Amino acid sequence: MKIKGNSILITGGASGIGRLLGLISIRKGASAVIVWDINPVSIAKVKKEFEQEAKGATQIFSAVVDVSDNARVREAYAEAVNQAGRVDIVVNCAGIVTSNKLFSDNTPEEIERTIRINTIAPMYVALAAIGDMVKRDSGHICNIASAAGMLSNPRMSAYAASKWGVIGWSDSVRVELSEMKSKVRITTIAPYYINTGMFDGVTSKIFPILDPEKTAEKIIRAIERNVDFKGIPFPFHFIRFWQGVLPTRFFDWFFGQVFGIYHTMDHFTGRKNS
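As the structure is a prediction and not an experimental result, all values here were calculated from the model. Sequence order as written defines the numbering, with residues in each chain counted from 1. Local features in this predicted model are restricted to residues whose pLDDT is 70 or higher, and side-chain atom pairs enter the listing and the counts only when it is 80 or higher, whereas totals over whole chains, interfaces and linings include all residues. Only hydrogens and water are removed before side-chain values are computed, so all heavy atoms of the structure are retained for them.

### Observations concerning the sheet that holds strand 6 (residues 185–191)
Read from one edge to the other, the open sheet built from seven strands follows the order 3-2-1-4-5-6-7, with strand pairing classed as parallel. One side of each edge strand has no neighbouring strand; the edge strands of this open sheet are strand 3 (59–64) and strand 7 (229–232). Ignoring strand direction, the axes of neighbouring strands in this sheet form an average angle of 15°. Pairing of strand 6 with strand 7 involves four bridges; the strand directions are parallel. Its bridge partner being in strand 7, Ile189 is matched across the sheet by Lys230. Each of strand 2 (32–37) and strand 3 touches helix 2 (residues 40–54); the most contacted strand, strand 3, lies at about 175° to it. Seen against the sheet, helix 3 (residues 70–84) touches strand 1 (7–11), strand 2 and strand 3 and runs at an angle of roughly 160° to strand 2. Here, strands pair whenever DSSP counts at least two bridges between them. Each helix is a run of H or I in the DSSP string that is no shorter than four residues. Each strand is a run of E no shorter than two, and both are numbered from the N terminus. Helix axes are fitted to C-alpha atoms over the stretch in contact, other axes to C-alpha atoms as well, and angles between N-to-C directions run from 0 to 180 degrees. Whether two residues touch is decided by their heavy atoms; if any such pair falls within 4.5 Å, the residues are in contact.

### With respect to the environment of Gly244
Position of Gly244 relative to the elements: it lies in helix 7 (residues 239–245). Each residue is placed in one exposure class: buried if its accessible area under a 1.4 Å probe, protein chains only, is under 20% of its type's maximum, exposed if it is over 50%, and partly exposed if it falls in between. Given the relative accessible area of 64%, Gly244 is considered exposed. As for Gly244 and Ile261, which are separated by 17 residues in sequence, their C-alpha atoms are 18 Å apart.

### Brief notes about the side chain of Lys163
Mapping Lys163 onto the fold places it in helix 5 (residues 157–179). Buried charged residue Lys163 carries no salt bridge. Nearest counter-charge: Asp37, at 13 Å. In contact with Lys163, not counting residues within four places along its chain, are Asn118, Ile144, Ala145, Ser146, Ala148 and Gly149. Under the counting rule used here, the positive set is Lys and Arg, the negative set is Asp and Glu, and His together with the chain ends is not counted. By convention in these notes, a salt bridge is any Lys or Arg side-chain nitrogen within 4 Å of a carboxyl oxygen on Asp or Glu.

Below is the structure:
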């Protein structure tokens, strides 16, 4: 699914990777970029930035949307279709991480909020879009999950659970569409930590923290090439293979201690001005 000439809706599009995806889409000649975010101040700032970047060549639309509110999602999606004519590409980019607490220290409210925004909200957005896409037999939904959806990292249990859910759901929909012989495509992205501020304080012993611009470019390329699943960096494609062949104790020692992944969240602070 080419970006040029098509409209793209990005949730969480006013900051981080979402903002970068919008800028790249404008530069690639998208017909429209639709930004959803829960922060009205950030949306106003990014809309102005996008309009300056587009110089009239790409239509820019925006809306304040709590993607965990299904009624608001459906209302905003109808508005987006009315504005842009249709939505060709949806990128579910909105997400949160609440803390680096042990699971026993989480509150029910923190757990529910994480699951609602990271797991249920992408389903709401996709559900609003997929019916029309299937009727047109054209469209693309890209779901930004996480490497945490494959690797059970300590001190982020609720976040890991939410991303495991996204990966399972996203790939299930891919299979459904494939069996329907539909041309609607699903791309699931599972990146390592990205240096956007969301994971400030994270330390990584072996794998480098991902560069936001390069990661955004890889996501766009995955959409354009109709890639089913993309782990970033590439070796993360093999996590489940190693989980399957290595004894649990050895896997935990190798990835947790040698690679240091199980201690990446020890000094997490997160984005301070969220």
